[in-house]
Amino acid sequence: MVKATLPSRTLHGGLSQQPQALRLPGQAEFTSNALGTVVGGLTKRPPSSHDGTFNGVDNYKVSGIKHHTIRRGSSELYHVMRSGAGGQAGELKIFNMLDSDRVADGMDAIDVLKPDGSAVDTTALAYLSTADPENDLEFLTVADYTLVLNKSKTAALTADVTKRYGYAAASNGRPFEGIVLLKQGNYNAKYTIKVEWVSGGATHVVETHYTTHSSRGTRGNPLLPTVTSPNPNDKKLTTAGRPAWEDAVNEAEFSIRTDEIIDGLVYGLTHAPITSGDHEDCFGTTADDYLWNAHTGVRLTSTHLDTDPSGGAYWEVFGESGVIHIIRHDTSPTIDFVISVEDSIGGEALIAIKDSVTSFSELPLYAPNGMKVEVNGDPETLDSGYWLEFATKTAKLNTGVPPNPITPTRGEGVWNETNAPGVTYKLDPTTLPHALIRLSTGKFCWTPLDGATITPGGSTSVKVPSWGDRVVGDLVTNRDPSFVGRKIQTMVFWKDRLGLTSGADCIFSEGGEFFNFFKTTGLNLLDTARIDISVPSNDVVVLNHAVPLSESLVLFSDNAQFMIQGGQVFTPTSVVVSEVSNYSVPSGSKPIAHNNYVLASSTRGDHSSIYEIRDVSQDKPQLQALDITRAVPSWIPKDVGEITSSENESLIAVIPKAPRSAYKGNTDIYLYSYFINGDERVHSAWQEIQFFAVCNVRHIYFKESKLYVVVERADSTGGYYEMNLEVIDFTPFS
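Treat the numbers as computed from the prediction; the structure is a model and nothing was measured. (Residues numbered from 1 in each chain as written. Predicted model: local features only at pLDDT ≥ 70, side-chain atom pairs only at ≥ 80, totals over all residues. Heavy atoms only, no water.)

Considering the side chain of Arg497
Mapped onto the fold, Arg497 is located in strand E31 (residues 497-502). Although buried, Arg497 forms no salt bridge, and the nearest oppositely charged side chain, Asp527, lies 7.5 Å from it. At 2.8 Å, the side chain of Arg497 and the backbone oxygen of Ala529 are in polar contact. (Helix = DSSP H or I, 4+ residues; strand = E, 2+ residues; numbered from the N terminus. Buried < 20%, exposed > 50% of the residue type's maximum accessible area, 1.4 Å probe, protein only. Lys, Arg positive; Asp, Glu negative; His and termini not counted. Salt bridge = Lys/Arg side-chain N within 4 Å of Asp/Glu carboxyl O. Polar contact = N/O pair within 3.5 Å; in protein donor to acceptor, adjacent residues only side chain to side chain.)

This is the structure we're talking about:
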């Protein structure tokens, strides 16, 4: 045994569980409520001062509480408490930790309001419902919003769908429709339109064709008939008012006019043919008819497109500006139809457009308002398709004939990118993180992110942001974010994006739009587009934590760490994710950023180790972990509850999860002090801060040089009766 007498002030090396012969000079076997620093040596720790009582908080110990400190600049500091089951179950309380009367009178809870200005109730707080708030709830402050995540909730979409084809307008529907585009009229050409559908177990086919005259005036077909148009707004097919045909040339030129071809095809689709005599399969009344309505397949009662609405299912056919618009109204929304076209000039004259096209160039500039089509992708270039919706210059809807209450208008306009018909498109805000918003009155508003405008308590109006919708594409070209249908494990704000993890996936919002997790265009991949990636691993991975480190983001699972690198500009094409280490970091202990490294805990049997994790990447992504508890491996209890740090004072504080039963509570704070000179750590010391009264240390938070400590006091029977705020100021000891 070696005995020596050392001045107490030289014992600034903190605790060491090493054998005496291996301890460094200045280390002790045990210290309590002392602080060792390079400048001051070993002295008494700064005293804790009572900084107020949280009024109205009692009997929380049965269920546990989630504590969080909201810091808004240097002059605002708030403490949030959320209880689980037991006394005062389900409450959400917020306190001003810098209230001027807090020491004398305690801190009263700040009013937390619903968007309508009334006090929050159980229904409003349903998203926070959990039996384990301490582990399930997580907070993240972004600008003026503090987001609150409940890890036990499953993220979902609402049941809302985009406007569906084949449904009535009252059911968010639009009748089945298609258009035929006539690009040109030619001499001696045949134009054919065929409409097919299945009803009553039988296939219905209506086909009509129009044949123009030859340029030499040789008529393969007689003159135009005198007939009445099915729509009084359409041009009547009569000879009245037309110029006299003095020769076959005039007759031929008239027959190739696009409006005449359109009128003839519309008439042929909507009128029954003659079924006997010399003119069987013709329509009209005279021997001069030259428009033909040939029917293929089995002759049915529907030998044409019936435009009479009194019979239930009916059709509307409009022809104008080189476009034929065909609409089917039906009480059975599942009955769709198919349009096919054919012409005798190599397919250059007619284009059928329904549901999809192969190229944007096929689309006309005159079309029904609100009509949607998909432009198919190119499998050779791996380009995905995209959806377009037509908007007329004067967008409106005409009142149609019952039972269809709405018939779309047609006109000149543009095709805009949109979402597919009949797809879910809206994230359910009740299943996603909610927000605490501090109002100008000093009160807080608790709200889902649903886009509402709130003016609670006479405050200035606040526009709540909303989760972005699927405004373009479909379930394939703009798929759901990976967190839909699953639980979200953590939140992070990094490189101007909000990140959420779910399982092995990390999903980042659109750049600058923190709550949009869908693509905003399918035409190209924007640098700002959302990012949805999975970490590479052969094991089952659940990403519990995400912490920024230098220019990278470190993702933590229970037994592995991953690094996301995005460069100066974080884009879908620049993102790289790699597995970089395999340290054990329990899900219940959240790592924090400190200086240029990450502080994380790891469990070893019944105790915990604290690591400094640094980015040492050179040729490849790589992390390096330094165990700063290597001299006290069996000292800090397992299941670290919180880690907080002061960069000003080079201090790190740790507390374990507080017991819930308990006359014997958690009375200790484990404090680490260090000093780095250049690249050398010249001071490294662990010491213990003890509160000897019966209590539980529930929460710690460093604000510059002050350590705020939330302490739950108890009586001699273990009955907890109040929650206090203590402050330890380390400024004089720096």
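Points about the sheet that holds strand E33 (residues 531-534)
Pairing in this open sheet of four strands is antiparallel, and the strands run E30-E31-E32-E33 from one edge to the other. The two strands at the open ends of the sheet, each matched to only one other strand, are strand E30 (490-494) and E33. Averaged over all neighbouring strand pairs, the angle between strand axes comes to 20°, with direction disregarded. (Pairing = 2+ DSSP bridges. Axes fitted to C-alpha atoms, helices over the stretch in contact; angles between N-to-C directions.)

Quick look at the pairing of strand E40 (residues 607-615)
Sheet topology note: the strand E39 (residues 597-604)/E40 ladder contains seven bridges and is antiparallel. Note on E40: the bridge partner recorded for Ser601 is Ile610. The antiparallel pairing of E39 with E40 creates a hairpin that spans two residues between the two strands, and Gly605 there sits at a positive phi of about 60°.

Regarding the confidence of the model for the protein
Residues at a pLDDT of 70 or more form 81% of the protein, whose mean pLDDT is 81. Contacts for the low-pLDDT stretch residues 217-249, under 50 throughout, to residues beyond four places or in other chains number 68 contacts. Scored below 50 in pLDDT, residues 276-301 shows 70 contacts in the model against residues more than four places distant or in partner chains. (pLDDT = per-residue confidence, 0-100. Contact = heavy atoms within 4.5 Å.)

Section: the pattern of salt bridges
With the rule as written, the count across this model stands at 28 salt bridges. Close ionic contact of Arg71 with Glu704 constitutes a salt bridge, the shortest N to O distance being 2.2 Å. Linking Arg71 in strand E4 (residues 65-72) with Glu704 in the loop between strand E46 (695-703) and strand E47 (706-714), this pair joins segments that are 633 residues apart in sequence. Residue Asp336 is joined to Lys354 by a salt bridge in which the shortest nitrogen-to-oxygen separation is 2.8 Å. Placement of Asp336 in the loop between strand E16 (323-329) and strand E17 (337-343) and of Lys354 in the loop between strand E18 (350-353) and strand E19 (356-357) is noted, with a sequence separation of 18 residues between them. Here the salt bridges do not stand alone but share partners, grouping Arg72, Glu76, Asp144 and Arg438 into one network.

Notes on the nonpolar core
The biggest cluster of nonpolar side chains holds 45 residues, and the ones touching the most others in it are Leu436, Trp446 and Phe483. Among the nonpolar cores identified, the runner-up in size contains 42 residues, and Val195, Trp197, Val357 and Phe390 belong to it. (Core = buried A, V, L, I, M, F, W, Y, C linked by side-chain atoms within 4.5 Å.)

Concerning the pairing of strand E12 (residues 176-182)
Burial runs high along E12: seven of the seven residues are buried. Burial of E12 is two-sided: the residues Phe176, Gly178, Val180 and Leu182 facing one way and the residues Glu177, Ile179 and Leu181 facing the other way are all buried. Pairing geometry for E12 and E16, over six bridges, is antiparallel. Note that in E16 the partner of Leu181 across the bridge is Val323.

Overview of the sheet that holds strand E6 (residues 92-96)
Strands sit in the order E4-E5-E6 across an open sheet of three strands; the sheet is antiparallel. Looking along the sheet, the strands with just one partner apiece sit at the ends: E4 and E6. For this sheet the average axis-to-axis angle between neighbouring strands, irrespective of direction, equals 20°. Of the pairings in the sheet, the one linking strand E5 (residues 76-83) to E6 comprises five bridges and is antiparallel in character. The partner of Val80 across the bridge, within E6, is Ile94.

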